[in-house]
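# Chains, contacts and geometry: an overview
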Amino acid sequence: DKYIKRRLKKLLKIKIPEKTSPLLCQFLGYILGDGNPTKKDRTKTHVYVRATDKNINNLYLYGKIGENLFNVKFNVRVRSNINVNSRNRLNFSSHILTKFIDSISKDVLNNNPYRKIPKLIHKVSNKEISYFFRGLFDAEGCVKHHSIVLTSSSWDIIVVSQMLLSRLGIYSHIYDALAKYNKKSNRDAYQLAISEPKSIKIFYKKIGFEDQNKSKR
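Given the structure is predicted, the values throughout are model-derived calculations rather than measurements. (Residues numbered from 1 in each chain as written. Predicted model: local features only at pLDDT ≥ 70, side-chain atom pairs only at ≥ 80, totals over all residues. Heavy atoms only, no water.)

## Let's talk about the overall build of the protein chain
Filter applied, for reference: Secondary structure elements are defined from DSSP: runs of H or I of at least 4 residues count as helices, runs of E of at least 2 residues count as strands, and each element is numbered from the N terminus. For this analysis, residues touch if any pair of their heavy atoms sits within 4.5 Å. Here the Shrake-Rupley method, with its probe set to 1.4 Å, supplies the accessible areas, and only the displayed protein chains count as covering residues.
Secondary structure assignment for the protein chain yields nine helices and eight strands. Restricting to contacts in the protein chain with at least 6 residues of sequence separation, those with at least 24 account for 65%. Accessible surface for the protein chain amounts to roughly 12500 Å². Of this, 51% is attributable to carbon and sulfur atoms.

Set out below in structure tokens:
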């Protein structure tokens, strides 16, 4: 059957990394922050990975990173001016990618409050941790007056981030439920703030942002 042969050929072209790398860790950080599956039940067939972001350039950047890592196609859909509920969205075309991410940790694509940093990230090199945080801060970080802030509805992400950042010499403070993460869902938020001048310098030196709007601040 020609259709089955085409599908098999497409699947065989997908690359699965055999070991960790800085870009793989960066990709995981971004997906942990802004990624989500197309179906909540990931045991079903053909569940794909997508990501939403206000910054369209981020979506293209991480689409290219995913394409280079896994040899999968992607597309970016820009928010419609007509539909106010639409979002800028990055879509990957392979359900095998979803299975690969789940094989690392099912908590990466879990419901937001229950997401966790994969145990794999605890074991990687400091350089790879730096790239992981670049992806995560591109997704969920912002630059405020005299501080760099990571916001998440997951307490685990905030606490583990504080611990891993300290490995890089970056020290931070955690604030519990300073604001609501999502006013519509009334979900609590947690914030990790880096405000010590020395730690901010180390952050920009070792981690930084791909997001040009954040890096310029």
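There is more to say after this.
## Overview of the nonpolar core
Selection rule: What we call a nonpolar core is a set of buried Ala, Val, Leu, Ile, Met, Phe, Trp, Tyr and Cys residues that are connected through their side-chain atoms within 4.5 Å. Three exposure classes are used, based on accessible area relative to the maximum for each residue type with a 1.4 Å probe and protein chains only: buried under 20%, partly exposed in between, and exposed over 50%.
In terms of nonpolar packing, the biggest core is built from 52 residues, with Phe-27, Phe-133, Phe-137 and Ile-194 touching the most fellow members. No other element matches helix α2 (residues 22-34), which puts seven residues into this core. Sequence-distant contacts of Phe-27, that is, excluding residues within four places in its chain, are made with Tyr-62, Ile-65, Gly-66, Leu-69, Phe-70, Phe-92, Leu-97 and Ile-101.

## Let's talk about the sheet that holds strand β4 (residues 89-92)
Selection criterion: Two strands are counted as paired when DSSP detects at least two bridges linking them. Axes here mean lines fitted to C-alpha atoms, for a helix over just the part in contact, with angles spanning 0 to 180 degrees between N-to-C directions.
A sheet is described by the order of its strands in space; here four strands give the open sequence β1-β2-β4-β3, paired in antiparallel fashion. If you trace the sheet from one side to the other, it starts and ends with β1 (35-37) and β3 (74-77), each paired once. Mean inter-strand twist for the sheet, computed between neighbouring axes without regard to direction, equals 25°. Examined bridge by bridge, β1 and strand β2 (residues 49-52) share three bridges and lie antiparallel to one another. Bridging across to β2, Gly-35 finds its partner in Ala-51. Helix-sheet contacts for α2 involve β1, β2 and β4, and the interaxial angle to β2 is about 70°.

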